[in-house]
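Fold and contact review
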Amino acid sequence: MSYKEIKLRARTPDATSTEIMYEIAAARADLIDLVRINIFYEEDAEGNTDFNRVYTSIIKLLKNMKQKGSIQFYATRDSFGHYTTEAVFLQNKYPELFSVEPKIDNGDFIYVKI
């Protein structure tokens, strides 16, 4: 199994798209099968975050990449809660990664199967 975790550093939709496309291309070149994208959010002085806007743009990008055949599929936190086909596949294929329920504090994650 080849697995890589990525912590997104970008905070805008355009920058996150660029960073994700680069990281997935680099993972493919390194023969990585599965990538976990960790998305953290920070609050500004007023308590606002751009998390929803960034997360929505990431999902849109991943749907587009899947449609073009750049990735096989992706699974979000909700996918694991709803036992989607993608989440169950990952749990069966990589049991050592999913022996404990995946979680992250102060953020979210998305698994991408290349």
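Residues numbered from 1 in each chain as written. Predicted model: local features only at pLDDT ≥ 70, side-chain atom pairs only at ≥ 80, totals over all residues. Heavy atoms only, no water.

A short note on the confidence of the model for the protein chain
On average, the protein chain scores 89 in pLDDT, and the residues at 70 or more come to 93%. Element-level pLDDT for the protein chain is lowest in helix H3 (residues 77-81), with a mean of 90, against a maximum mean of 96 in strand S3 (residues 73-76). (pLDDT = per-residue confidence, 0-100. Helix = DSSP H or I, 4+ residues; strand = E, 2+ residues; numbered from the N terminus.)

Thoughts on the pairing of strand S4 (residues 107-113)
In summary, the side chains of a regular strand alternate between the two faces of the sheet. Along S4, seven of the seven residues are buried, which leaves the element largely enclosed by surrounding structure. Residue alternation in S4 divides its side chains into two sets, Gly-107, Phe-109, Tyr-111 and Lys-113 and Asp-108, Ile-110 and Val-112, and both sets are buried. Here seven bridges tie strand S2 (residues 34-40) to S4, and the two strands are oriented antiparallel to one another. For Leu-34, the partnering residue across the bridge sits in S4 and is Lys-113. (Buried < 20%, exposed > 50% of the residue type's maximum accessible area, 1.4 Å probe, protein only. Pairing = 2+ DSSP bridges.)

Regarding the nonpolar core
Counting residues in hydrophobic clusters, the biggest one holds 22 residues, and the most contacted among them are Leu-62, Ile-110 and Val-112. Residue assignment for this core shows that the elements contributing at least two residues are helix H1 (13-29), S2, helix H2 (51-68) and S4. Here this core takes eight residues from H2, the largest share from any one element. If near-sequence neighbours (up to four positions away) are discounted, Ile-110 is found in contact with Val-35, Arg-36, Ile-37, Ile-39, Tyr-55, Ile-58, Ile-59, Leu-62, Tyr-74, Ala-75 and Thr-76. In terms of nonpolar packing, the next biggest core, distinct from the first, is built from eleven residues, Leu-34, Ala-75, Leu-90 and Tyr-94 among them. (Core = buried A, V, L, I, M, F, W, Y, C linked by side-chain atoms within 4.5 Å. Contact = heavy atoms within 4.5 Å.)

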